[in-house]
Amino acid sequence: MSRAWLVVLVVGAASIAFKAAGPVVLGGRALPGLVTRVVALLAPTLLAALVVVSTFATGRELVLDARIAGVGAAAVAVALRAPILVVVAVAAVTAALVRTF
Amino acid sequence: MGEELARGARAGARAVAPVALAVAAFGLTFGVLARNAGFGAVATVVFSATTFAGSAQFAAASVLSAGGTLVAAIVAAILLNTRYLPIGLSVAPTLRGPSWRRALKAQLVVDESWAIGHLGGGRFDPGRIMGAGIVLWCTWVGSTTIGVVAGDLLGDPRRLGLDAAFPALFLALLAGQVEGRRGLLAAACGAVIALALVSFVPVGVPIVAAAAACLLGLRR
């Protein structure tokens, strides 16, 4: 089986289980506040890590290239509250232009 | 379906329409990027139909396309989806019926339908959640499929600047997720941990290791 299919099956099964766990297994019981506070920080933490790694890393090397210009332009678009498609397009076009010239 | 549930579902479907437009753009992008990350066409669509969570799907595709290990891709995506535990708990009292039906309904509870079904004060309208969730699921799977087809027609992702699309997407998602000083601090720590590790551990591991920053939540 390909790596992609393994990711799809394992992550898919885990996501279905996470979503169903609350309503089916735990009923109406609440998670301890401590757990909730830690879980709440997972999304911002991992997304920030994904931003910097996909901007600066190529394999195991830190590389400064056209992606930085693209992400910089995207940051401006995000600050201006642009829709997500605009943010992505701005980043891609900027990086492509920097590479061309 | 009861009359009241049906009315709620129609209201939820209407309320989610503008959000669905943004989700469609997101799904389109996922289809294109996943194909370029080495996902087959069918695998990409099945991923959207089952996982039904953009950030986790993008994380897995990003780690794999960067040459990361299978385990790192899976763990990063699963960690991003752990937020569905507390989200599922919050709606648990509103979802009725036998457990298989509750499990099925729970699949429609995603960030956006959860927000639209929230009536305030921790109370939820099950009809609105279901109506919004069904529209979102169809939009997400449909736009992924279109993106898969479009991705096959496009050429070299680097020439098109698509390698800058991943960080741009994560940045847009991050902007919507950071709340308060603690969130900002956790995000900054996560970024620093990941960058510091890039040269020393296998690809993908820095993302997973960055999760340690969320232990900041242990402090009151």
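Once a new chain begins, its residue numbering starts again from 1 and follows that chain's sequence as written. Both sets of labels track the order of writing: A upward for chains, 1 upward for ligands. Reporting in this predicted model follows two pLDDT cut-offs: at least 70 for local features of residues, and 80 or more for side-chain atom pairs to be given and counted; totals over whole chains, interfaces and linings ignore these cut-offs and use all residues. Side-chain metrics in this entry use all non-hydrogen atoms of the structure; hydrogen atoms and water are not considered.

Some words on the overall build of chain A
Heads up, the condition is: A helix here means a DSSP run of H or I that spans at least four residues, while a strand means a run of E at least two residues long, and both kinds are numbered starting from the N terminus. Computation of the radius of gyration draws on C-alpha atoms, with the globule rule given as 2.2 Å multiplied by the number of residues to the power 0.38. The rule is simple: take the accessible area with a 1.4 Å probe, protein chains only, and divide by the maximum for that residue type; under 20% is buried, over 50% is exposed, in between is partly exposed. What makes two residues a contact is simply this: any of their non-hydrogen atoms within 4.5 Å. Only the protein chains shown count as cover for residues, and the accessible areas themselves come from Shrake-Rupley with a 1.4 Å probe.
If you tally the helices and strands in chain A, you get 4 helices and 2 strands. N-terminal to C-terminal, the α/β element order of chain A is α-α-β-β-α-α. Relative to its length of 101 residues, chain A is extended, with a C-alpha radius of gyration of 19 Å against a globular reference of 13 Å. With the principal axes as the frame, chain A shows a C-alpha extent of 60 × 40 × 25 Å. Counting over 101 residues, chain A shows a buried share of 45%. Contacts in chain A between residues at least 24 apart in sequence constitute 30% of all its contacts with a sequence separation of at least 6. Accessible surface for chain A amounts to roughly 4800 Å². Of this, 75% is attributable to carbon and sulfur atoms.

Some words on the nonpolar core
The condition is simple: As used here, the term nonpolar core means buried Ala, Val, Leu, Ile, Met, Phe, Trp, Tyr and Cys residues forming a set that is joined through side-chain atoms within 4.5 Å.
Formed by 91 residues in total, the largest nonpolar core has its most connected members in Val7 of chain A together with Phe39, Phe47, Phe58, Leu80, Phe170 and Ile207 of chain B. The element that contributes the greatest number of residues to this core is helix α2 (residues 33-56) of chain A, accounting for 12 residues. Setting aside its immediate chain neighbours within four residues, Phe47 of chain B contacts Val7, Val8 and Val11 of chain A together with Phe30, Phe39, Phe52, Gln57 and Ala60 of chain B.

Some thoughts on the packing of helix α1 (residues 3-24) of chain A against helix α5 (residues 84-91) of chain B
Our working rule: Geometry is summarised by axes, namely lines fitted to C-alpha atoms with helices restricted to the contacting stretch, and by angles between N-to-C directions that run from 0 to 180 degrees. The hand of a helix crossing depends on one turn: near helix anticlockwise from the far one by less than a right angle means left-handed, and clockwise means right-handed. Basically, the charged four are Asp, Glu, Lys and Arg, the nonpolar ten are Ala, Val, Leu, Ile, Met, Phe, Trp, Tyr, Cys and Pro, and anything else, Gly included, counts as polar.
The geometry of α1 of chain A relative to α5 of chain B is characterised by a closest axis approach of 7 Å and an angle of 35 degrees between their N-to-C directions. Both α1 of chain A and α5 of chain B take part in a crossing whose hand is right-handed. Contacts from Phe18, Lys19, Ala21, Gly22 and Pro23 of chain A of α1 of chain A reach α5 of chain B at Tyr84, Leu85, Gly88 and Leu89 of chain B. Grouping the constituent residues of the contact of α1 of chain A with α5 of chain B by class yields 6 nonpolar, 2 polar and 1 charged.

Let's talk about the layout of surface pockets
Put simply, the test is: Here the term cavity refers to a set of points on a 1 Å grid, laid over the protein atoms alone, in which a 1.4 Å probe fits but cannot get out; the term pocket refers to an open set having protein on both sides within 12 Å along at least five of seven lines, with lining residues being those that place an atom within 4 Å of a point. Grid points are joined across faces, edges and corners, and a volume is the space filled by probe spheres set on the points.
Roughly 1500 Å³ of volume is contained in the largest pocket. The greatest single-element share of the lining of the largest pocket, amounting to 8 residues, is contributed by α2 of chain A. A per-class count over the lining of the largest pocket returns 34 nonpolar, 8 polar and 8 charged. Estimated volume of the second largest pocket: approximately 530 Å³. In terms of lining residues, the second largest pocket is bounded by 25 residues, among which Arg67 of chain A together with Ser62, Ser65, Ala66 and Asp163 of chain B are the most central.

Quick notes on the interface of chain A and chain B
As a reminder of what qualifies: Values labelled buried area give the accessible surface lost by two parts on being combined, using a 1.4 Å probe and summing over both. Salt bridges are counted wherever a side-chain nitrogen of Lys or Arg sits within 4 Å of a carboxyl oxygen of Asp or Glu.
Each partner contributes to the interface: chain A provides 65 residues, whereas chain B provides 90 residues. Taking both sides of the interface into account, the surface hidden between chain A and chain B amounts to around 6700 Å²; carbon and sulfur atoms contribute 78%. Area buried by chain A at its contact with chain B is led by Phe18, Lys19 and Arg60 of chain A, which between them contribute 12% of it. Summed over the shared surface of chain A and chain B, the number is 1 salt bridge.

Here's the deal with helix α2 (residues 41-51) of chain B
Stated precisely, the cut-off is as follows: The arc refers to the directions leading from the helix axis to the C-beta atoms.
If you check which residues of α2 of chain B are buried, you get Ala43, Thr44, Phe47, Ser48 and Thr51 of chain B. What you see down the axis of α2 of chain B is that its buried residues fit within an arc of 135 degrees, all on one side. Elements that come into contact with the buried residues of α2 of chain B comprise α1 of chain A together with α1 (3-36), α3 (54-65), α4 (70-81) and α8 (126-153) of chain B. Two residues or fewer after α2 of chain B comes Phe52 of chain B, characterised by a positive phi angle close to 50 degrees.

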